[in-house]
Amino acid sequence: MKVSGKILVTVYVIFALLISVVILASQSILYSSFSNLQEKEAAENVERVKDIIDLQVLHFEGINSALSSREDVRALMLNQHTQNLSETAVDEIFSVSGCDFIFLVNSSGNIMYSKVSDSGVSNNASILPDILQRIEDGSLLCKEAETPLKGIVMLENEPAFISSQPVLAASGDNEISGTIILGKKFDSSFLESIQESTGSTVTLYNLKASSFDFQQALFESKNPNFMYNKTENRVTSYSVIKDISGSPAFIIQSDTPSTIYAEGQKFLQYLVFLLLFAGLITGASFKFLLDREVISRIVAIDNFVRKARTDENFSERFSVEGNDELSRLSEGINQTLDRLRTTSEKFKAQEHEKMLILDSLTELVVFMDSELKIIWLNKVALDHMGMRLEDVIGRNYRDIYTI
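Residues numbered from 1 in each chain as written. Predicted model: local features only at pLDDT ≥ 70, side-chain atom pairs only at ≥ 80, totals over all residues. Heavy atoms only, no water.

(A) Focus on the overall build of the chain. Counting its regular elements, the chain contains eleven helices and eleven strands. Expressed as a percentage of the 403 residues in the chain, the buried residues total 34%. With the model as given, the accessible surface of the chain reaches about 24300 Å², and the carbon-plus-sulfur share is 55%. (Helix = DSSP H or I, 4+ residues; strand = E, 2+ residues; numbered from the N terminus. Buried < 20%, exposed > 50% of the residue type's maximum accessible area, 1.4 Å probe, protein only. Areas by Shrake-Rupley, 256 points an atom, 1.4 Å probe, with all protein chains shown as cover.)

(B) Region of the structure containing the nonpolar core. Membership of the largest hydrophobic core comes to 30 residues, with the highest contact counts inside it found for I53 and F94. For this core, the secondary-structure elements that each account for two or more residues are α1 (3-68), α2 (71-77), β1 (101-106), β3 (149-155), β4 (158-168), β5 (176-185), α5 (188-198) and β9 (248-257). Broken down by element, this core gets its largest block of residues, six residues, from α1. Residues I131, I135, L155 and I162 belong to the second largest nonpolar core, which totals 13 residues. (Core = buried A, V, L, I, M, F, W, Y, C linked by side-chain atoms within 4.5 Å.)

(C) Local environment of the sheet that holds β3. Spatially, β2-β1-β5-β4-β3 is the arrangement adopted by the five strands of the open sheet, whose pairing is antiparallel. The open sheet has two edge strands with one neighbour each: β2 (111-116) and β3. The mean inter-strand angle of the sheet, taken between neighbouring strand axes irrespective of direction, is 20 degrees. Where β1 meets β2, five bridges bridge the pair, whose relative direction is antiparallel. Note on β2: the bridge partner recorded for F101 is V116. (Pairing = 2+ DSSP bridges. Axes fitted to C-alpha atoms, helices over the stretch in contact; angles between N-to-C directions.)

(D) Quick look at unusual backbone geometry. Despite not being glycine, L372 shows a phi value in the positive range, around 65 degrees. Mapped onto the fold, L372 is located in the loop between β10 (366-368) and β11 (374-377).

(E) Quick look at the layout of surface pockets. Quantified by volume, the largest pocket comes out at close to 210 Å³. If you go around the largest pocket, the residues you meet are K50, I53, D54, V57, L58, K150, G151, I152, I241, K242, D243 and I244. Residue assignment for the lining of the largest pocket shows that the elements contributing at least two residues are α1, β3 and β8 (234-242). If you tally residues by element for the lining of the largest pocket, the top one is α1, at five residues. (1 Å grid on protein atoms, 1.4 Å probe; cavity = no way out; pocket = protein on both sides within 12 Å on 5 of 7 lines; lining within 4 Å. Points joined across faces, edges and corners; volume = space filled by probe spheres on them.)

(F) Summary view of the environment of S237. Take S237: it is sitting in strand β8. For S237, a relative accessible area of 1% corresponds to the buried category. The sequence separation of S237 and S254 amounts to 17 residues, and the corresponding C-alpha distance is 5.2 Å.

(G) Quick look at the pattern of salt bridges. The tally for this structure, following the rule as stated, stands at six salt bridges. With a closest N to O distance of 3.7 Å, K50 and E47 form a salt bridge. Residue K50 and its partner E47 are both found in helix α1; the two are separated by three residues, about one turn of the helix. Classification of K50 by relative accessible area gives buried; the value is 19%. Residue E61 is joined to K150 by a salt bridge in which the shortest nitrogen-to-oxygen separation is 3.2 Å. With E61 in helix α1 and K150 in strand β3, this pair connects stretches of sequence that are 89 residues apart. (Salt bridge = Lys/Arg side-chain N within 4 Å of Asp/Glu carboxyl O.)

(H) Looking closely at the packing of aromatic side chains. Applying the stated criterion to the full structure yields seven aromatic pairs. Between F60 and F161, the ring centres sit 6.4 Å apart and the planes meet at 15 degrees, which makes this aromatic pair stacked. Highlighted residues: F60 in helix α1 and F161 in strand β4, separated in sequence by 101 residues. The buried category is assigned to F60, whose relative accessible area is 2%. (Phe/Tyr/Trp six-rings, centres within 6.5 Å; stacked < 30°, edge-to-face > 60°.)

(I) Layout of the environment of T342. Among the secondary structure elements, T342 is positioned in helix α8 (residues 325-360). Separated by 28 residues in the primary sequence, T342 and F314 place their C-alpha atoms 8.9 Å from one another.

(J) Highlighting α8. When the terminal C-alpha atoms of α8 are compared, their 52 Å separation across 36 residues agrees well with the 52 Å that a helix rising 1.5 Å per residue should span. Among the residues of α8, L326, S327, S330, I333, N334, L337 and L358 are the ones counted as buried. (Expected span 1.5 Å × (residues − 1).)

(K) Expanded view of a nonpolar patch on the surface. A cluster of nonpolar side chains, V9, V13 and L17, forms an exposed patch at the surface whose accessible area comes to about 260 Å². Relative to the elements of secondary structure, L17 occurs in helix α1. Note on L17: relative accessible area 52%, which makes it exposed. (Patch = residues over 30% accessible without salt bridge, like charges linked within 9 Å, V, L, I, M, F, W, Y side chains within 5 Å.)

(L) Inspection of the side chain of T198 at higher detail. If you trace the backbone, T198 turns up in helix α5. Judged by its relative accessible area of 14%, T198 falls in the buried class. For T198, the side chain forms a polar contact with the main-chain nitrogen of S200, separated by 3.3 Å. In this structure T198 touches R48, V49 and I52, once residues within four positions along its chain are discounted. (Polar contact = N/O pair within 3.5 Å; in protein donor to acceptor, adjacent residues only side chain to side chain. Contact = heavy atoms within 4.5 Å.)

(M) Region of the structure containing α5. If you check which residues of α5 are buried, you get F190, L191, I194 and T198. Here the buried residues of α5 occupy an arc of 100 degrees about the axis, which is enough to place them on one side. For α5, the exposed residues lying more than 90 degrees away from the buried face are S188 and E196. Count one or two residues on from α5 and you reach G199, which has phi positive near 75 degrees. (Arc of directions from axis to C-beta.)

Pasting the structure below:
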């Protein structure tokens, strides 16, 4: 393999190791960071659901507060001028949109007026005994002028919004003449509105009906009102909703598409592809520059040295442009060639002188190798054989000369 190829392979191996380190580090950071973001998103999702529930509670509180301050409601509570009001007129007073039931209870606990919406009559009928029981035991009645009740109650294992406002005997008076109770069931339509607002799938669970393991995991967590599970595609979060007495009433489950981690994985893939592409471009550019600035000059030096060795022409010179190691190497090669040329000329002169001396001798002089092949003969030996030097060189001495 050529030097440029070895260097290119080395560059790619180093780059591959760096990319592997980046991927492993990014995966670790991604899992840690995005897991925290997933948990934060899950908490925010369930908090948005709770905020919508709280807004609904505040909405009923506002309606009930306005209703309880009306003079005609006070008069109705005190049985004043009620003979002048028809049943239709009374219904118009308590015509409140979005309510499933309205109860007007006096300070003695007697129901002065009640109204249950026509929608879902059978379901409303099933919760009426529970409401009446709570009115009878006073848990839905206001005891003091400054203590209205609002929140969630469980009616026959079905949650409902409740707002209880005290009706004062007279404006500016702290004496309570009764309580107005407004309520709305936490029905499927309200769940659908939550889902449209949050983009999450919301499900209600009765806390008492949930498994013991779930209740234990929920209340042993650091935050007893929140826990979440993360899967590949979804984030599921839970929250315990308390009733007006502060006791756990039911569980809200919010399922949201898990997009943060998926987006992080996608970003990491793009980063890896970008690094790979950058590595290929860097390697190719590095090889191009290496071939142009280094390898091509080394090849030129190698070709010159080969030619000088083959031709044994020590008079040629080689020049490399620039002022770096390769240019200094070419200068060193030229200096070496100068020394070789000088040495060669001295050697040839000595050889010539030696040949002249041997040719001047009157004795036969024959140079042979280990196989008795003739390398050189002096003039006397050639004359003795009666042959020319070029006809004798390389032949076996035994073949051409017999004593």
